[in-house]
Amino acid sequence: MEKNATANKPRIELVRSRTVPFLDAETLAFRTAREALFRTEDTFILYLSDGRPTPAVEERVIKLSAREALIWLNEGVEEAGSFWD
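None of these values were measured; they are calculated from a predicted model. (Residues numbered from 1 in each chain as written. Predicted model: local features only at pLDDT ≥ 70, side-chain atom pairs only at ≥ 80, totals over all residues. Heavy atoms only, no water.)

(A) Here's a closer look at the nonpolar core. One finds Leu37, Phe44, Leu46, Leu48, Leu64, Ala69 and Trp72 forming the largest nonpolar core, which totals 7 residues. For this core, the secondary-structure elements that each account for two or more residues are β3 (44–49) and α1 (66–73). The greatest single-element share of this core, amounting to 3 residues, is contributed by β3. (Core = buried A, V, L, I, M, F, W, Y, C linked by side-chain atoms within 4.5 Å. Buried < 20%, exposed > 50% of the residue type's maximum accessible area, 1.4 Å probe, protein only. Helix = DSSP H or I, 4+ residues; strand = E, 2+ residues; numbered from the N terminus.)

In structure tokens, the structure reads:
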């Protein structure tokens, strides 16, 4: 019998999330992309969602170094969404 069931589970915590409003160049529809930065014990993970409706949504998960995570955290409003490139 295991004493602590959570001892073997990886720990992940949300550092920061944000929404990025933008105008879709193809459809001229207003959309809101979502970004979230998570931290594990040894790395950072960036989740990106382009804001399309569920069947067509494009999502990405990117592993970031500490330096890249700091760059993402310090992006200004005009640079938001830069990790999609």
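(B) The arrangement of the sheet that holds strand β1 (residues 13–23) in detail. Ordered in space as β1-β2-β3-β4, the 4 strands form an open sheet in which the pairing is antiparallel. Pairing within the sheet leaves two strands with one partner each, and these edge strands are β1 and β4 (59–64). Direction aside, neighbouring strands of the sheet carry axes that sit 15° apart on average. The sheet contact formed by β3 and β4 spans 6 bridges and is antiparallel. Following the sheet pairing, Tyr47 is matched in β4 by Val61. Against the sheet, α1 touches β1, β2 (30–39), β3 and β4, its axis set at about 140° to β2. (Pairing = 2+ DSSP bridges. Axes fitted to C-alpha atoms, helices over the stretch in contact; angles between N-to-C directions. Contact = heavy atoms within 4.5 Å.)

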